[in-house]
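# Per-entry structural report
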Amino acid sequence: MSDSSRTTLVDTLKRLDQHLDKLPGSLTGRVRKHLTELRTLLLEKRPARLALVGRRGSGKSSLINALFGEEVAAVGHETSQTGAAQWYTYESDLGALEILDTRGLQEGSNPAEDDTADSPEASIQAALSDTAPDVLLFLIKAQEVDAAINGDLEALSSIATRVKQMHGHRPPIVGVVTHCDLLEPQYVRLHQPEDEDSAELQEKQERVEAVQSHLTNKIDSYPALADAVVRTFGVALYQSWDAQGRRRADARWQVEALVEYLLTQLPDEAQVEFARLSRMQALQKLIANRLTQSTAMVCAGIAATPTPLADIAPITTAQVLLVMAIGYLGGRRMDLEAAREFLAAAGVNVGAGFVLREAARALVQVVPGFGQAVSASVAYAGTYAVGTAATSYFLRGQTDDLEAQFQEAFEEGRKAAPDDLTAHPNPESA
Ligand SMILES: Nc1nc2c(ncn2[C@@H]2O[C@H](COP(=O)(O)OP(=O)(O)O)[C@@H](O)[C@H]2O)c(=O)[nH]1
Ligand SMILES: [Mg+2]
């Protein structure tokens, strides 16, 4: 986010907050909750923080690349031999992930070049006291689930325990069984099921399920992990790129299910960035719906304030922010350019170098039922329509007939508007 977009966001949220001061007490709390949600999702947004526990070769770098769908981590060779645990930032144009590499803890206390006083234990402790991971991922090859992995599970439980001690909560634990594509029958391609013999495919899927539940049981048998939330996914992570960085193979399987689950385990602060970099439309829509819902509630709240409003500027300004945020989820930059593009697609042209105020004014022309002042139910429905149309435009790539979509979504929003808010009398507005 550019500095000016950030300033705009901070200012707008502050002004919305001030408007809500005038709302009757019974409604303030409820509407403010939505404003807080917007603030957390948009203003406090940050990359997800994932701690990875897994042996060399278990697929940690491949997992990072699988989440991005791009080659951001070097696969197949470990670089650092210092044995120190450290947070690393991986990034692409779409966003970033913060990854805690915990290798040192598992691979003994004799790193190759031990010229620091730090033991792996101490370095992990330091890394964890700085920053708590949102999720703790345990990676193991499907072929090694039966092997002696007690050392690895001990590392997992000591990290989970430390996070609890230092931050007061136990991070959710996600078991990731990698290399599932190499289970028997090896030649059956899990990622191209339509081309495979269904009996053989089923045999392979059953093997995946067996290793998954085996790992779940092993994790559960660890006393320190007994009360942790544990989910296990069998996946295939293999991708390959040529020297020009073009992907030449993609045999990923079940990564989307893993990503979808990870999103549910992340705090609000990390949701927008994670959905954006996942490239998964379904997840982006989920977040876009939350943003739309919350903005609609805030706008309805503002329209329901008993003081007469000179104009509907705060409402349309919030709607422009909503458009920008949904554009951002879809991979655009978080700036007015996205709003300009959307407005143009909806049939309203605003000149180059325009400011937020102009975009807000232009928006009045495309939102059904919008005039000088609006009732709470029109504010709700109009915002719902803006969010829905922006979702079609930015996340579904549906660029024509936005006008009809506005109208349709507006009617839908009318029905969805919460009664207690919209029934609130506001004599000054239509
Ligand atoms: N077939 C297959 N190969 C994988 C999978 N995950 C990782 N690999 C390969 O396993 C090797 C080690 O993976 P890497 O991500 O570097 O493991 P790390 O040491 O934990 O970072 C690489 O050659 C990867 O291409 C998988 O799910 N299936
Ligand atoms: Mg690696």
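The name given to the chain in an unreviewed UniProt entry is G domain-containing protein, with the source organism recorded as Longimonas halophila.

## Re the environment of M334
Considering the arrangement of structural elements, one finds M334 in the loop between α11 (313-329) and α12 (336-345). Expressed as a C-alpha distance, the spacing of M334 and F394, which sit 60 residues apart in the sequence, is 12 Å. Residues within four places of M334 in sequence aside, it is in contact with M1, S5, L9, L42, M324, A325 and Y328.

## Quick word on the domain arrangement of the chain
As assigned here, the chain comprises domain 1 (3-44 + 280-422) and domain 2 (48-271). Buried area between domain 1 and domain 2, both sides added, is near 820 Å², and the carbon and sulfur share of it is 68%. Joining domain 1 to domain 2, the criterion identifies one salt bridge. In this structure, D268 and R290 form a salt bridge, with 2.9 Å as the shortest nitrogen-oxygen distance.

## Brief notes about the site of ligand 1
Taken together, 17 residues are adjacent to ligand 1, and G57, S62, G76, D181 and L237 come closest. Within the contact set of ligand 1, an oxygen atom lies 2.7 Å away from a backbone nitrogen or oxygen of L237. In isolation ligand 1 exposes 580 Å². Once the protein is present, 84% of that is buried. For the shell around ligand 1, the class distribution of residues is five nonpolar, seven polar and five charged.

## A look at the packing of aromatic side chains
Applying the stated criterion across every chain yields a total of five aromatic pairs. Aromatic side chains F342 and F406 sit 6.1 Å apart centroid to centroid with 55° between the ring planes, which places their arrangement in the tilted category. With F342 in helix α12 and F406 in helix α15 (residues 402-416), this residue pair connects regions lying 64 residues apart in the sequence. Given the relative accessible area of 2%, F406 is considered buried. Summarising the aromatic geometry, the rings of Y393 and F394 are spaced 4.9 Å apart at their centres and angled 85° between planes, so their arrangement reads as edge-to-face. As far as burial versus exposure is concerned, Y393 and F394 are alike and both buried. Feature note: the residues F342, Y393, F394 and F406 constitute an aromatic cluster, connected by ring pairs. It is R231 that lies over the ring of Y261; its NZ or CZ is 4.6 Å from the centre.

## Overview of unusual backbone geometry
Of note, the amide linkage connecting E184 to P185 takes the cis form, showing an omega dihedral of -15°. Of note, P185 is situated in the loop between β5 (173-178) and α7 (198-220). Despite not being glycine, H179 shows a phi value in the positive range, around 60°. Positionally, H179 belongs in the loop between β5 and α7. With relative accessibility at 24%, the residue H179 sits in the partly exposed group.

## Structural notes on the confidence of the model for the chain
Residues of the chain with pLDDT of at least 70 account for 92%, and the chain-wide mean is 89. Taken together, the stretch residues 109-115 has pLDDT below 50 and engages in eight contacts with residues farther than four places along the chain or on a different chain.

## Describing α12
Residues A338, A339, F342 and L343 constitute the buried set of α12. Summarising the axial view, the buried residues of α12 lie within an arc of 135°, below the 170-degree limit, and thus occupy one face. Where α12 is buried, its residues touch α11, α13 (356-366), α14 (376-395) and α15. Residue G347 follows α12 closely and has a positive phi angle near 100°.

## What about the packing of helix α2 (residues 25-43) against helix α9 (residues 268-278)?
Each packed pair of helices is defined by two parameters, the angle between the axes and the distance between the axes. At a closest axis distance of 7 Å, the pairing of α2 and α9 adopts a crossing angle of 50°. Taken as axis vectors, α2 and α9 run oblique relative to one another. Two packed elements cross with a definite hand, and for α2 against α9 that hand is right-handed. Of the residues in α9, those in contact with E37, T40, L41 and L42 of α2 are D268, E269, Q271 and V272. Class assignment of the residues belonging to the contact of α2 with α9 gives a composition of three nonpolar, two polar and three charged.

## Considering the pairing of strand β4 (residues 135-141)
Among the seven residues that make up β4, six are buried, leaving the element largely enclosed by the rest of the structure. When strand β1 (residues 48-54) meets β4, the two strands line up parallel, connected through five bridges. Paired with L52 across the bridge in β4 is L137. Judged from the six bridges that link them, β4 and β5 form a sheet pairing that is parallel. The residue bridging L136 from the neighbouring strand is I173, located in β5. Taken together, β4, helix α6 (residues 150-167) and β5 form a β-α-β motif whose crossover is right-handed.

Cut-offs and rules
Residues numbered from 1 in each chain as written. Chains lettered and ligands numbered in written order. Predicted model: local features only at pLDDT ≥ 70, side-chain atom pairs only at ≥ 80, totals over all residues. Heavy atoms only, no water. Helix = DSSP H or I, 4+ residues; strand = E, 2+ residues; numbered from the N terminus. Contact = heavy atoms within 4.5 Å. Domains from an automatic or database assignment. Buried area = accessible area lost by both parts, 1.4 Å probe. Salt bridge = Lys/Arg side-chain N within 4 Å of Asp/Glu carboxyl O. Near = heavy atom within 4 Å. Polar contact = N/O pair within 3.5 Å; in protein donor to acceptor, adjacent residues only side chain to side chain. Areas by Shrake-Rupley, 256 points an atom, 1.4 Å probe, with all protein chains shown as cover. Nonpolar A, V, L, I, M, F, W, Y, C, P; charged D, E, K, R; others polar. Phe/Tyr/Trp six-rings, centres within 6.5 Å; stacked < 30°, edge-to-face > 60°. Buried < 20%, exposed > 50% of the residue type's maximum accessible area, 1.4 Å probe, protein only. Lys NZ or Arg CZ within 6 Å of the ring centre and 35° of its normal. pLDDT = per-residue confidence, 0-100. Arc of directions from axis to C-beta. Axes fitted to C-alpha atoms, helices over the stretch in contact; angles between N-to-C directions. Parallel < 35°, antiparallel > 145°, perpendicular 65-115°, else oblique. Left-handed = near helix turned anticlockwise from the far one by under 90°. Pairing = 2+ DSSP bridges. Right-handed = clockwise from strand over helix to strand, strands pointing away.

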